[in-house]
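Tertiary structure, described
Each chain is listed here by its residues.
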Amino acid sequence: MRKEFASLAPEEYGALDFRPARDWMLIGVGDGEGENLMTASWGGFGFAWGRPIALCLIRPERYTHGLLLRERRLSLSFLPKEHHEAMRLCGTLSGREGNKSLRAGLHCVRKGNVPYPEEADTVLLCRLLYAEGMKKEDFCDASLLPRFYAEGGLHTLFLCAVEEVLVNRES
Ligand SMILES: Cc1cc2nc3c(=O)[nH]c(=O)nc-3n(C[C@H](O)[C@H](O)[C@H](O)COP(=O)(O)O)c2cc1C
């Protein structure tokens, strides 16, 4: 008997979580005595090199980009919806112009040298494993270039080992 396959749109298939849960996350990287938090919505989670990994796509012009290449450690934080405005601010201001977590009303704590906001309910502590800048000539679908890169640099792919997950049981 022939088996029938049902065809689903990717969004209908629950196991494929293309986006980080709840759409937005804060990427936290240490900056000497200070810290930088950047809002990101491009990325995801997967499995490679025998371990759980997180993927982030960061444009080279972000302050976070250089910090991450230097520090090689980061946090990915997920916050309750009430902190939406703070996350919007961390996705609009640049850490080059000062400590934006303070302006956003978020309170950073650290594990080792890696900062994350106390307001998070879930934090992934990660270590950078692999970073590669996208190249125009490597796009198999060239229509993405004018659509996403008319302004702004090509993203760098950051593949990170998820080393520890912190869950705030009070939230
Ligand atoms: C909802 C949202 C999602 C974003 N996602 C990304 C992303 O995935 N990658 C990226 O490079 N920039 C993303 N940005 C833009 C950066 O967060 C923004 O340019 C930020 O000011 C960079 O901060 P920095 O210069 O301190 O690193 C996003 C912004 C918002 C508001």
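What comes next is a walk through the structure. For clarity, every value in this text was computed on a predicted model and none was experimentally measured.

Regarding the overall build of the chain
- When its secondary structure is counted, the chain shows 4 helices and 9 strands.
- For the chain, whose C-alpha radius of gyration is 17 Å, the value lies close to the compact-globule estimate of 16 Å for 171 residues.
- Projected onto its principal axes, the C-alpha coordinates of the chain cover approximately 65 × 40 × 30 Å.
- Among the 171 residues that make up the chain, the fraction classed as buried is 28%.
- Within the chain, contacts between residues at least 6 apart in sequence are counted, and of these 70% link residues at least 24 apart.

Remarks on the site of the ligand
- Lining the immediate environment of the ligand, one finds 20 residues, of which Trp42, Tyr63, Thr64, Gly91 and Ser94 sit closest.
- Put simply, the parts of the chain that give the shell around the ligand at least two residues each are strand S2 (34-40), strand S4 (51-58) and helix H1 (63-71).
- For the shell around the ligand, the leading source of residues is S2, giving 4 residues.
- Residues that form the shell around the ligand fall into these classes: 8 nonpolar, 8 polar and 4 charged.

Concerning unusual backbone geometry
- Of note in this structure, Trp49 is not a glycine but carries a positive phi near 50°.
- Its location among the elements puts Trp49 in the loop between strand S3 (43-48) and S4.
- Backbone geometry at Arg72 places phi at a positive 65°, although glycine is not the residue there.
- Inspection of the secondary structure assignment puts Arg72 in the loop between H1 and strand S5 (73-78).
- A tally of 15 C-beta atoms within 10 Å means that Arg72 is categorised as partly exposed.

Some points on the sheet that holds S5
- The strand order across the open sheet built from 7 strands is S2-S1-S5-S8-S9-S4-S3, with neighbouring strands paired in antiparallel fashion. Because the sheet does not close on itself, it has two edges, and the strands there are S2 and S3. Taking the axes of each pair of neighbouring strands and ignoring which way they run, one obtains an average angle of 35° across the sheet.
- Direction of pairing for S4 relative to strand S9 (residues 156-167): antiparallel, over a ladder of 6 bridges. Paired with Leu55 across the two strands is Leu159, which belongs to S9.
- Along the sheet, H1 contacts strand S1 (25-31), S2, S4, S5, strand S8 (122-133) and S9; its crossing angle with S1, the most-contacted strand, is approximately 60°.

Describing the pairing of S5
- Sheet topology note: the S1/S5 ladder contains 3 bridges and is antiparallel. In the strand pairing of S5, Ile27 is matched with Leu76.
- Relative to S8, S5 is paired through 6 bridges, and the arrangement is antiparallel. Bridge pairing links Ser77 to Val123 in S8.

Calculation criteria
Residues numbered from 1 in each chain as written. Predicted model: local features only at pLDDT ≥ 70, side-chain atom pairs only at ≥ 80, totals over all residues. Helix = DSSP H or I, 4+ residues; strand = E, 2+ residues; numbered from the N terminus. Rg over C-alpha atoms; globule rule 2.2 N^0.38 Å. Buried ≥ 20, exposed ≤ 12 C-beta atoms within 10 Å, placed from the backbone. Contact = placed C-beta atoms within 7 Å. Near = placed C-beta within 6 Å. Nonpolar A, V, L, I, M, F, W, Y, C, P; charged D, E, K, R; others polar. Pairing = 2+ DSSP bridges. Axes fitted to C-alpha atoms, helices over the stretch in contact; angles between N-to-C directions.

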